[in-house]
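Chain by chain, the residues run as shown.
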Amino acid sequence: MTNGSTGADKARPVLVTGGAGFIGANFVLDWCATEISPVVTLDELTYAGNLDNLTGLNSHPRHSFVRGDIGDADLVASLLARHKPRAIINFAAESHVDRSIHGPENFITTNILGTFRLLECARAYWLDLPAEERGSFRFLHVSTDEVYGTLTPTCAPFNETNRYMPNSPYSASKAASDHLVRAWHHTYGLPTLITNCSNNYGPYQFPEKLIPLVIDRAFNGQPLPIYGDGQQVRDWLYVGDHCSAIRRVLAVSAPGETYNIGGNNEKTNIEVVKTICTRLDGLKPRTDGRSYSEQITFVKDRPGHDRRYAINADKIRRELDWSPSETFESGIAKTVDWYLNNSDWIANVTSGAYRRWIEKQYA
Ligand code: NAD
Ligand code: DAU
């Protein structure tokens with residue numbers, strides 16, 4: 001199966017939004033290493049966006065970066081007219097659940113209104129394309145498993161037909177954006193794709209999220225905060241596997257399709273944190289000879305905390321022949337090693353603004 005792209009199409013660029021964030025940057029780096037199409041990265045560079053993530057592409061002949069908001073219709077329209085991309089891959093979002101609880105408005109603005117504006121610009125651009133380019137154009141929207149709500153320990157994992165039941169301001173805003181994307185396909189025929197993936201981990205993840213937060217705090221001798229009883233379950237997906245899945249969906253899927261992407265790695269939060277501590281004990285033992293796990297501290301639970309996420313990724317395996325290549329053990333080893341070897345990157349992102357967030361969240 002292919003989406004009808006030709007060799008000539010492949011010479012046309014793709015527009016990646018949110019490409020200076022965690023998953024977007026991994027995607028852009030992997031894309032430039034594996035594909036021939038040029039990439040235009042559009043990113044507003046919020047607190048979560050970081051040009052250091054893309055330094056590997058400085059002076060890369062097929063990459064260009066534009067700072068801007070997906071909700072800025074004039075800017076997006078001018079970028080589409082100038083670069084004539086064959087696809088838009090939308091990673092841009094406010095992505096942190098805890099921040100959405102403290103202040104939901106940015107989530108509504110970017111995740112809902114921003115996606116709406118991006119869709120409208122994409123539709124106008126797509127309608128003006130010559131027929132053969134219109135046929136192969138794709139708008140791929142990157143979404144989350146959190147739109148399905150929460151599972152009990154015995155429920156079957158989420159598949160693509162599960163009802164949307166988002167529980168946090170973040171997941172509600174992502175669910176709303178998915179509905180807009182779906183409607184733009186159904187009503188206007190815009191060739192959209194939606195991917196719903198589980199928790200990513202790997203290099204360049206901002207240390208507000210569990211895994212990099214724990215690694216950073218372990219090094220600094222700080223408490224490792226576990227919300228509630230630590231028995232919440234997430235299905236961990238190595239970011240490189242997520243990127244390969246998106247490339248596959250983009251290359252071969254029919255418009256209007258949705259795919260769940262997961263890592264087949266259900267773990268409780270306490271298991272994840274203990275695994276990290278064990279790896280650090282081996283690689284960089286504490287000077288007092290004790291285990292990093294002694295820094296684990298149970299703290300107040302997240303309001304409305306979803307108990308369990310798990311992805312049934314049978315559809316993407318069956319239809320697109322994709323499955324993850326990393327186990328949790330191999331992925332977490334690579335991840336811990338990356339943070340150990342990139343202490344400058346962590347030092348740069350844990351700036352004054354980051355410290356203010358940590359004080360507010362963990363006070
Ligand atoms: P992130 O917060 O690390 O990065 C988001 C990026 O978007 C940042 O570079 C930021 O500057 C940019 N951005 C924010 N608002 C923007 C705007 N209005 N215009 C342009 N750029 C803007 O997020 P991430 O973890 O890389 O997640 C990327 C996408 O994947 C998001 O849509 C998220 O909902 C989804 N997702 C993430 C995970 C995960 O585990 N991290 C899992 C499932 C889905
Ligand atoms: O499931 C996909 C989602 O995964 C994405 O859509 C989100 O963008 C992404 O942030 C992530 O959401 P989570 O809320 O699951 O990720 P987070 O890293 O914030 O938390 C993972 C689990 O760890 C969750 O159960 C909350 C818990 N946790 C988190 C932090 C930051 C703690 O126990 N302590 C902490 O300090």
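Structure first, text after, so check above.
Residues numbered from 1 in each chain as written. Chains lettered and ligands numbered in written order. Predicted model: local features only at pLDDT ≥ 70, side-chain atom pairs only at ≥ 80, totals over all residues. Heavy atoms only, no water.

### Points about the packing of helix 8 (residues 210-219) against helix 14 (residues 352-362)
Here helix 8 crosses helix 14 at 100°, and the two axes come no closer than 14 Å. Judged on the interaxial angle alone, helix 14 and helix 8 are roughly perpendicular. Contacts between helix 8 and helix 14 involve Leu213, Asp216 and Arg217 from the former and Tyr354, Ile358 and Tyr362 from the latter. Split into classes, the residues belonging to the contact of helix 8 with helix 14 amount to four nonpolar, no polar and two charged. (Axes fitted to C-alpha atoms, helices over the stretch in contact; angles between N-to-C directions. Helix = DSSP H or I, 4+ residues; strand = E, 2+ residues; numbered from the N terminus. Parallel < 35°, antiparallel > 145°, perpendicular 65-115°, else oblique. Contact = heavy atoms within 4.5 Å. Nonpolar A, V, L, I, M, F, W, Y, C, P; charged D, E, K, R; others polar.)

### Quick notes on the site of ligand 2
Taken together, 23 residues are adjacent to ligand 2, and Thr144, Asp145, Tyr170, Arg302 and Tyr362 come closest. In this structure, Tyr170 approaches ligand 2 through a side-chain N or O atom, which is 2.6 Å from an oxygen atom. Here Arg302 contributes a side-chain N or O atom positioned 2.6 Å from an oxygen atom of ligand 2. Alone, ligand 2 offers 680 Å² of accessible surface; in the complex the protein occludes 95% of this. For the shell around ligand 2, the elements supplying multiple residues, two or more each, are helix 8 and strand 8 (224-227). Tallied by class, residues from the shell around ligand 2 come to nine nonpolar, eight polar and six charged. (Near = heavy atom within 4 Å. Polar contact = N/O pair within 3.5 Å; in protein donor to acceptor, adjacent residues only side chain to side chain. Areas by Shrake-Rupley, 256 points an atom, 1.4 Å probe, with all protein chains shown as cover.)

### Quick word on the state of the cysteines
In total, this model carries zero disulfides according to the counting rule given. In this structure Cys197 is a free cysteine whose sulfur lies 9.7 Å from that of Cys243, the closest cysteine sulfur available. Owing to a relative accessible area of 6%, Cys197 belongs among the buried residues under this scheme. (Disulfide = S-S within 2.5 Å. Buried < 20%, exposed > 50% of the residue type's maximum accessible area, 1.4 Å probe, protein only.)

### Here we look at the nonpolar core
If you look at the biggest cluster of nonpolar residues, it comprises 68 residues, and the most contacted ones within it are Ile89, Ile276 and Ile316. Ignoring anything within four residues of it in the chain, the contact list for Ile89 reads Val14, Leu15, Val16, Thr17, Phe27, Leu140, Val142, Ile246 and Leu250. One finds Val66, Cys121, Phe137 and Phe139 within the second-largest nonpolar core, a separate group that totals 24 residues. (Core = buried A, V, L, I, M, F, W, Y, C linked by side-chain atoms within 4.5 Å.)

### A few points about helix 7 (residues 169-188)
A rise of 1.5 Å per residue sets the reference length of helix 7, with its 20 residues, at 28 Å; its end C-alpha atoms lie 28 Å apart and thus fit the reference within 8%. Residues of helix 7 that are buried: Tyr170, Ser171, Ser173, Lys174, Ala175, Ser177, Asp178, Val181 and Trp184. Where helix 7 is buried, its residues meet helix 4 (97-102), helix 5 (105-127), strand 5 (138-144) and strand 6 (192-197). Note on helix 7: the residue one or two positions beyond its end, Gly189, has a positive phi of about 80°. (Expected span 1.5 Å × (residues − 1).)

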